[in-house]
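So you can see what is in the structure, the chains are spelled out below.
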Amino acid sequence: MFSCKNVDITHTYTHGRKTEFMFGLHKPYPKVKSVKRICEITDYYMNKYQRINLVLVGDRLSTIKKEKELGLSEIIIDGKVITPLDNEFNAIHSYVDRIKGSVITFNTNKLNKFCNWDFGIGRHDFTGLRKGNSSIKEVTGKVYLQYIFAHEFAHAIDAEYGLSDNSELREIYKNQEERFKNISEFIAECFVAREVYSDNEVANKVREIIDSIALKA
Ligand SMILES: [Zn+2]
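Residues numbered from 1 in each chain as written. Predicted model: local features only at pLDDT ≥ 70, side-chain atom pairs only at ≥ 80, totals over all residues.

1. Describing the overall build of the protein chain
In step 1: Counting secondary structure elements, the protein chain contains six helices and seven strands.
In step 2: Seen in sequence order, the protein chain has helices and strands lined up from the N terminus as β-β-α-β-α-β-β-β-β-α-α-α-α.
In step 3: Computed over the C-alpha atoms, the radius of gyration of the protein chain is 17 Å, within 12% of the 17 Å expected from 2.2 N^0.38 for a compact globule of 217 residues.
In step 4: Split into buried and exposed, the 217 residues of the protein chain put 36% on the buried side.
In step 5: For the protein chain, contacts bridging at least 24 residues in sequence account for 67% of all contacts bridging at least 6. (Helix = DSSP H or I, 4+ residues; strand = E, 2+ residues; numbered from the N terminus. Rg over C-alpha atoms; globule rule 2.2 N^0.38 Å. Buried ≥ 20, exposed ≤ 12 C-beta atoms within 10 Å, placed from the backbone. Contact = placed C-beta atoms within 7 Å.)

2. Quick notes on the domain arrangement of the protein chain
Think of interface size as the accessible area that goes away when the parts come together; that is how it is often given.
In step 1: Considered domain by domain, the protein chain is made up of domain 1 (1–114) and domain 2 (116–217).
In step 2: Its C-alpha centre places domain 1 at a distance of 20 Å from the equivalent point of domain 2.
In step 3: For the side of domain 1 that touches domain 2, the elements supplying multiple residues, two or more each, are α1 (32–48), β6 (91–97) and β7 (101–106).
In step 4: Among the elements that take part in the side of domain 1 that touches domain 2, α1 stands out by supplying seven residues, more than any other.
In step 5: In terms of residue class, the side of domain 1 that touches domain 2 is built from 11 nonpolar, five polar and four charged. (Domains from an automatic or database assignment. Nonpolar A, V, L, I, M, F, W, Y, C, P; charged D, E, K, R; others polar.)

3. A closer look at the sheet that holds β7
In step 1: Taken in spatial order, the five strands line up as β1-β2-β3-β7-β6 in an open sheet, and their pairing is mixed. At either end of the open sheet lies a strand with only one pairing partner, and these are β1 (7–12) and β6. Each strand axis lies, on average, 15° off the axis of its neighbour in the sheet, ignoring direction.
In step 2: Contacting β2 (18–23), β3 (54–59) and β7, helix α2 (residues 60–69) runs over the sheet at an angle of about 140° to β3.
In step 3: Here helix α3 (residues 145–161) sits on the sheet and contacts β3, β6 and β7; the angle it forms with β7, its principal contact strand, is near 160°. (Pairing = 2+ DSSP bridges. Axes fitted to C-alpha atoms, helices over the stretch in contact; angles between N-to-C directions.)

As structure tokens, this is what we get:
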């Protein structure tokens, strides 16, 4: 296993967008393979959704200083301040502002535990969509890096376009409410479910609405 130390690189995308990747500035260092794949999947989504700004991606112990510089204050989930090494989260999306957009950070301690990659559906681009699936929840809780990243990226799209306030999405959510924490989580879980399975009607409908909004040039 090769560890990844002191990665601080920037990828540039269309429309002047830049994403900084910060990994392995502190122990425990992530695996080289994991970091490479996170960079690949970031490239994939940034090229696909050309209006999403994602200013920073990394493991949270490495990014915490930069997050403060960006003006992000502490992250509170369910009334509790989340530290970089808390077990409560796999990854977190935060929204800086309209110009800088979003930040996606992984739990530094957990990153090495979810380096397993669902190759069955393609390395980073979800090319091998599976048939079937009756339940959106089926993909929730699986710790593939692909799924975790896609989930957080869906939050970035939500933040940019205000998907949670979209009346069509709210209407669909009304019948699903009791199974999800809130509408943001519902949207993110549908987004990922559609990346993995082809036949879930609710996930397909939600994804169709997201893409009709977010894929517009
Ligand atoms: Zn979420």
